[in-house]
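Residue-level listing of the chains:
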Amino acid sequence: MNNLSDIWFATGYIDFELKKYTLLAYLQQVNKYFSESRLYPQLGDLVFHYNNLVLFKKNKTFLQNNFPKQLTGVDLQRVQLIYQQMIEDDELMKELESIIDYASVKFEQAIGSGSEIYDFVEENLSIEPIGILALDNKEGYLFVKNGDKNETKVYEYRLSIFENQNEQYRAIRTAFVDAWPDKIYNTYQNIKKSLIQSRPSLPQPATYALQSAIPFPFSETFFPVAKRRFVRYLTELG
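Here, residues in each chain are numbered from 1, in the same order as that chain's written sequence. Where local features are concerned, this predicted model is filtered to residues with pLDDT of at least 70; where side-chain atom pairs are given and counted, the filter is 80 or more; whole-chain, interface and lining totals use all residues. Computation of side-chain values covers all heavy atoms of the structure but excludes hydrogens and water.

Caption draft 1: Structural view of the overall build of the chain. A tally of helices and strands in the chain yields seven helices and five strands. Ordered by position from N to C terminus, the α and β elements of the chain give α-α-α-α-α-β-β-β-β-α-β-α. Within the chain, buried positions represent 38% of all 238 residues. A fraction of 68% describes how many contacts in the chain between residues 6 or more apart in sequence connect residues 24 or more apart. Reported accessibility uses the Shrake-Rupley method at a 1.4 Å probe radius. Residues are deemed covered only where the shown protein chains occlude them. Carbon and sulfur atoms provide 50% of the accessible area of the chain, an area that totals close to 13900 Å². Starting at the N terminus, helices and strands are each numbered in turn, a helix being any DSSP run of H or I of at least four residues and a strand any DSSP run of E of at least two. Each residue is placed in one exposure class: buried if its accessible area under a 1.4 Å probe, protein chains only, is under 20% of its type's maximum, exposed if it is over 50%, and partly exposed if it falls in between. Any pair of residues with heavy atoms lying within 4.5 Å of one another is described as a contacting pair.

Shown next as structure tokens:
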């Protein structure tokens, strides 16, 4: 998939029709992925590009403040020179603003389509603890069942908390352990017991089943959505 550059709308030849063609070609590819229920990384990219447009419209110096890691010093100087030229050229600035206004609407529509898929996956996702609730749920195991797939994938998870001046955030890290085929003896309780015996580093693990009745693309949709929902689930537990 051909991705847009961070500042695709403000570099190169600033022409509405040209940028419109570039954007529509990109969104056509995104929509193809969405039609296959493949959300990531496309949905994250859409949000990233939409936020760029909003920031640029609010503050034309956003590049220096928000992209020091993505842009080299040479790139930053080039963008600043481009912007200086735009300030001095009313017609060029109007063209840029037309591009941004048009692209903002298109990104909003595409994000809306992706969000509908995201919500549908969440609606078909269930989370339940396996066995007795652990006192500490910051680490443990996830039993992941994706629709009619004939296996249960097991992941070790670890939750971390970090904060800025105003809010606390939770992040989750997962590591694949193994997959158990659907057999009558491979109940969740038996799998958990087997993990405790073979992995003594977690003698009393928090264990949860994440399940969907409908199969979705695993790495591009189901697991990213499930992990985000699981973090929210633990947050709601307190």
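Additional details are given in the paragraphs that follow.
Caption draft 2: Inspection of the layout of surface pockets at higher detail. The method works on a 1 Å grid over the protein atoms by themselves. A cavity is a set of points holding a 1.4 Å probe that cannot get out, a pocket is an open set with protein on both sides within 12 Å along at least five of seven lines, and residues with an atom within 4 Å of a point line them. Grid points are joined across faces, edges and corners, and a volume is the space filled by probe spheres set on the points. Here the largest pocket defines a volume of roughly 170 Å³. Lining the largest pocket are Gly131, Ile132, Leu133, Ala134, Leu135, Gln189, Lys192, Gln204 and Pro205. Polar here means any residue outside two lists: the nonpolar Ala, Val, Leu, Ile, Met, Phe, Trp, Tyr, Cys and Pro, and the charged Asp, Glu, Lys and Arg; Gly therefore counts as polar. Here the residues of the lining of the largest pocket sort into five nonpolar, three polar and one charged.

Caption draft 3: Region of the structure containing the nonpolar core. Here the nonpolar core consists of buried residues drawn from Ala, Val, Leu, Ile, Met, Phe, Trp, Tyr and Cys, with membership extended through side-chain atoms lying within 4.5 Å. Membership of the largest hydrophobic core comes to 48 residues, with the highest contact counts inside it found for Phe9, Leu46, Phe107, Leu142, Tyr208 and Phe230. Elements supplying a minimum of two residues to this core: α1 (16–35), α2 (42–58), α5 (90–123), β1 (125–129), β2 (139–146), β3 (151–163), β5 (206–212) and α7 (218–237). Looking at which element gives the most residues to this core, the answer is α5, with eleven residues. If we skip the residues at most four places from it in the chain, Leu142 touches Lys153, Val154, Tyr155, Tyr157, Ile172, Thr174, Tyr208, Leu210 and Phe230. Core analysis: the second largest hydrophobic core is formed by ten residues, Tyr141, Phe143, Trp180 and Ala209 among them.

Caption draft 4: Representation of the packing of aromatic side chains. What counts as a ring pair is set by centres within 6.5 Å for rings of Phe, Tyr and Trp (its six-membered ring), and what kind of pair is set by the plane angle: stacked under 30 degrees, edge-to-face over 60, tilted for all other angles. A complete count under the given rule lists 15 aromatic pairs for this structure. Taken together, a centroid distance of 5.1 Å and an interplanar angle of 80° make the contact between Tyr157 and Phe230 edge-to-face. Of this pair, Tyr157 sits in strand β3 while Phe230 sits in helix α7, placing them 73 residues apart in sequence. The two residues Tyr157 and Phe230 agree in class, both being buried. Among the aromatic residues, those joined into a ring-pair cluster are Tyr155, Phe176, Phe218, Phe222 and Phe223. The ring centre of Phe218 lies 5.4 Å from the NZ or CZ of Lys153, which sits over that ring. A ring is scored as having a charge over it whenever the NZ atom of a lysine or the CZ atom of an arginine sits within 6 Å of its centre and within 35 degrees of its normal.

Caption draft 5: Region of the structure containing the pattern of salt bridges. A carboxyl oxygen of Asp or Glu within 4 Å of a side-chain nitrogen of Lys or Arg is what we treat as a salt bridge. Going through the model one piece at a time under the given rule, you end up with nine salt bridges. Put simply, Arg38 and Glu220 hold a salt bridge, and the shortest N to O gap is 3.1 Å. With Arg38 in the loop between α1 and α2 and Glu220 in helix α7, this pair connects stretches of sequence that are 182 residues apart. Residue classification places Glu220 among the partly exposed residues on the basis of a relative accessible area of 23%. In this structure, Glu122 engages Arg232 in a salt bridge whose closest nitrogen and oxygen atoms are separated by 3.0 Å. Here Arg232 lies in helix α7 and Glu122 lies in helix α5, a separation of 110 residues in the sequence. Residue classification places Arg232 among the partly exposed residues on the basis of a relative accessible area of 35%. Among the charged side chains, a network of salt bridges with common partners joins Lys32, Glu36, Arg38 and Glu220.

Caption draft 6: Examining α1 more closely. Multiplying 1.5 Å by the residue count of a helix minus one yields the expected span of that helix. Given a rise of 1.5 Å per residue, 20 residues ought to cover 28 Å, and the 28 Å separating the end C-alpha atoms of α1 matches this to within 8%. Of the positions making up α1, those classed as buried are Lys19, Leu23, Tyr26, Leu27, Val30, Tyr33 and Phe34. Angularly, the buried residues of α1 cover 100° about the axis, an arc narrow enough to put them on a single face. Exposed and oriented more than 90 degrees from the buried face of α1 are Tyr21, Gln28, Lys32 and Ser35. Of the residues that open α1, the one with a side-chain oxygen 3.3 Å from the backbone nitrogen of Glu17 is Asp15. Looking one or two places after α1, you find Ser37, whose phi comes out positive at around 60°. Each direction from the helix axis to a C-beta atom contributes to the arc, which is the arc of those directions. Here a polar contact is taken to be a pair of N or O atoms separated by no more than 3.5 Å, where protein atoms must pair a possible hydrogen donor with a possible acceptor and residues adjacent in sequence count only if both atoms sit in side chains.

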